[in-house]
Amino acid sequence: MAGRRLPAAEIWGRFNGCWRHWMSQRKRSRGSGLTQGDDEDFSVVPTQSPSQVQRNLESRSQEEINRKVTELVQFLLVKDQKKIPIKRVDILKKVIREYKDVYSEIVNRAGRTLQQVFGLQMVEIDTKHHIYILTSTLPRVEGENLKQDIQTAKLGLLIVILSFIFMKGNSAKDSAVWEFLRRLRVHPGEKHEVFGDVKKLVMEEFVRQKYLEITPIPLTDPPEFNFQWGPRAAKETSKKDILSFVAKMQKKEPSFWISQYNEAKANT
Amino acid sequence: MAAQMSDAHRRFLQVLMSHGIMEGAEARKLHRCCCEISKAYYAQDKLDDFVSTINNQLQPLFMQIRKGMSEVDGRTHYALVNMAETEITKMASDYAENELELFRKTMDLIILSENGFASSTDILNSADQLKTKKMKKKEAEQVLKIFVDDKWLSERNGEYTLHTRCIMEMEQYILSTYPDIAKKCNICHSLAIQSQACETCGTGMHLPCVGKYFKTQSRPRCPQCNDFWPYEIPDRSRIDSQSSSRRIIEPYGDPTDALYKEVILETATKMKW
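Calculation criteria
- Residues numbered from 1 in each chain as written.
- Chains lettered and ligands numbered in written order.
- Predicted model: local features only at pLDDT ≥ 70, side-chain atom pairs only at ≥ 80, totals over all residues.
- Heavy atoms only, no water.
- Helix = DSSP H or I, 4+ residues; strand = E, 2+ residues; numbered from the N terminus.
- Buried < 20%, exposed > 50% of the residue type's maximum accessible area, 1.4 Å probe, protein only.
- Contact = heavy atoms within 4.5 Å.
- Areas by Shrake-Rupley, 256 points an atom, 1.4 Å probe, with all protein chains shown as cover.
- Phe/Tyr/Trp six-rings, centres within 6.5 Å; stacked < 30°, edge-to-face > 60°.
- Lys NZ or Arg CZ within 6 Å of the ring centre and 35° of its normal.
- 1 Å grid on protein atoms, 1.4 Å probe; cavity = no way out; pocket = protein on both sides within 12 Å on 5 of 7 lines; lining within 4 Å.
- Points joined across faces, edges and corners; volume = space filled by probe spheres on them.
- Pairing = 2+ DSSP bridges.
- Axes fitted to C-alpha atoms, helices over the stretch in contact; angles between N-to-C directions.

Novice: Can you tell me about the overall build of chain B, naming the residues and giving the values?
Specialist: The secondary structure content of chain B amounts to 10 helices and 10 strands. In chain B, which comprises 273 residues, the share counted as buried stands at 52%. Residue pairs at least 24 apart in sequence account for 55% of intrachain contacts in chain B once pairs closer than 6 positions are excluded. Surface accessibility of chain B: about 13,300 Å² in total, with carbon and sulfur atoms responsible for 47%.

See the structure below:
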């Protein structure tokens, strides 16, 4: 390899490479040799009895299985670092591939590795479409240590939006949300010095990360949208925590807002 | 010397993974924090042993926590690197094809340059000639900013060089891809992107390595050919620490905690229900 730079076509390749490039391929939005020609239906995982799985396992070498487990672990980590939920379809298509028959064994082992080495676990946030995120299994820490950077700022903005939605009764119109953010000097039309394109951040990135669910309201012209909490928000925080944040900000007791308080209590 | 993997190790790994790279001082603080939180035994100054325990677990996954030196201030940094990758495939999952091509072109410019920096003008001009898909200057500027945010490049006065994290991650790739051009430091023998080189014999050294090597010499001479060293010797004591105020996040943690940050706290008090 010395002195030779691999052409792009080769880089979109094999083994370790294949699953890493699906992202760039998605961005390119045109097919490549990799994703085309997959006739198998990767949305269905064959249900098997444990003895069947055992037999399938025996037909593969330990080395092969371990390799797949490693690939899956890396795949999950890379996706999750970008806070992108992981679809089972993609796991099957990009990583498992022809090892579909030992899918459950590979996933189980990957899960054990994630737990043992990273203290992470896979959590299904969409049981219909089988979409996962990684969450930490380590005990939570009271927030005294924080990294000052854009990720924190984004989370802060997100919490503000989640709070607004909750206080408005779990659903808010986009015009109301933007009006509220305007008071914090965050405007959808202007480039924010920290967040950049705020509209994109809120309506695309947060939605893609499953923190927000934004649905169009039918028969509205110009189109209006409804903001709600996304499944990741529900998993990573709670109504109780959000209400207690609002209470701290307003220097009041959470019970000051009776209906939200009752709702938060019922939610735990 | 194999200690057991514990929650302290896992927490350290989660945080390092979310940062990508950390300065030595920050890493030591994180080590202490993680041990305190998990009520694990904390052996001060034993960060490297702590890291070894983690590396034992990472090895079958082709990952490693590596130690490297910043070319700017000579400080030790710890980065989580992927060892299965031998090329830019590590980045390939995060960027579009033409963005990767722009990065490769930028890397060419940096490595071929005298001082290890590529001017934004040169980079933007090459954006115009991308084979994959042309990029307008505006878009290329945005992409460069993303590379800086993601710690592949660092920027100084409109010029770009490789970030410490990038050098640590891609050292082998760079040395094998640019075998005759990429420089190695005469003192520490690692890849040198920014360096001072002897005008006579071409021997090169990292700036911090130069500072260290010539510390006691009043009339610095090239270690290879003994000619006078023509450059200003970097002063090792001048670097200001800006990491003391940096604190550590719980990367998978309760996002509500984020709001206790000054930045948000200030704006949030303006909220009215």
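More follows now that the structure is in view.
Novice: Just give me the short version of the packing of aromatic side chains, but keep the residues and values in it.
Specialist: Counted according to the given criterion, the structure contains nine aromatic pairs over all chains. Ring centres of F256(A) and W257(A) lie 5.1 Å apart, and the angle between their planes is 85°; this geometry places the pair in the edge-to-face category. Ring centres of F214(B) and W229(B) lie 5.5 Å apart, and the angle between their planes is 50°; this geometry places the pair in the tilted category. Within this pair, whereas F214(B) is found in the loop between α9 (207-213) and α10 (262-268), its partner W229(B) is found in the loop between α9 and α10, the two being separated by 15 residues in sequence. A network of ring pairs unites the aromatic residues Y213(B), F214(B), W229(B) and Y231(B) as a single cluster. Sitting over the face of the ring of F256(A), K252(A) holds its NZ or CZ atom 4.9 Å from the ring centroid. Over the ring of W152(B) we find R165(B), and its NZ or CZ is 4.2 Å from the ring centre.

Novice: How would you explain empty space enclosed by the protein if you had to name every residue and give the values?
Specialist: Residues and elements named next belong to chain B. Following the criterion strictly, the structure yields two cavities of 30 Å³ or more and no others. When its volume is computed, the largest cavity comes out at roughly 50 Å³. Along its surface, the largest cavity is lined by I110, I111, I181, A182, K183, L191, A192 and I193. Only α5 (97-112) and β8 (191-192) provide two or more residues apiece to the lining of the largest cavity.

Novice: Lay out the side chain of T161(B) in plain terms, naming residues and giving numbers.
Specialist: Along the chain, T161(B) turns up in strand β6 (residues 159-162). Each residue touching T161(B), except ones within four places of it in the same chain, is listed here: I110(B), G116(B), F117(B), W152(B), L153(B), S154(B), I193(B) and Q194(B).

Novice: Talk me through the sheet that holds strand β4 (residues 172-173) of chain A; I want residue IDs and the actual numbers.
Specialist: All names here are of chain A. Taken in spatial order, the three strands of this open sheet run β4-β8-β7, and their pairing is antiparallel. Edge positions in the sheet fall to β4 and β7 (212-217), since each of these pairs with one other strand and no more. Sheet analysis places β7 next to strand β8 (residues 224-229), joined by six bridges and oriented antiparallel. Within the sheet, the bridge partner assigned to I214 lies in β8 and is F227. Across the sheet, helix α10 (residues 198-208) lies against β7 and β8, angled at about 125° from β7, the strand it touches most.

Novice: Which residues make up the sheet that holds β6(B), and what are the values?
Specialist: All names here are of chain B. On the basis of which strands lie adjacent, the open sheet formed by three strands has the order β4-β6-β5 and antiparallel pairing. What marks the edges here is a single partner per strand, and that holds for β4 (118-119) and β5 (153-156). Sheet topology note: the β4/β6 ladder contains two bridges and is antiparallel. Bridged to S119 within β6 is E159. Contacts from α5 reach β4, β5 and β6 within the one sheet, and its direction differs from that of β6 by about 95°.

Novice: Mind laying out unusual backbone geometry, listing which residues take part and the relevant values?
Specialist: Residue and element names in this part refer to chain A. Of note, the bond from D221 into P222 is cis; its omega dihedral lies within 30 degrees of zero at 5°. The topology assignment puts P222 in the loop between β7 and β8. Located in the positive-phi region is H130, a residue other than glycine, with phi close to 55°. Its place among the elements puts H130 in the loop between β2 (120-126) and β3 (131-136).

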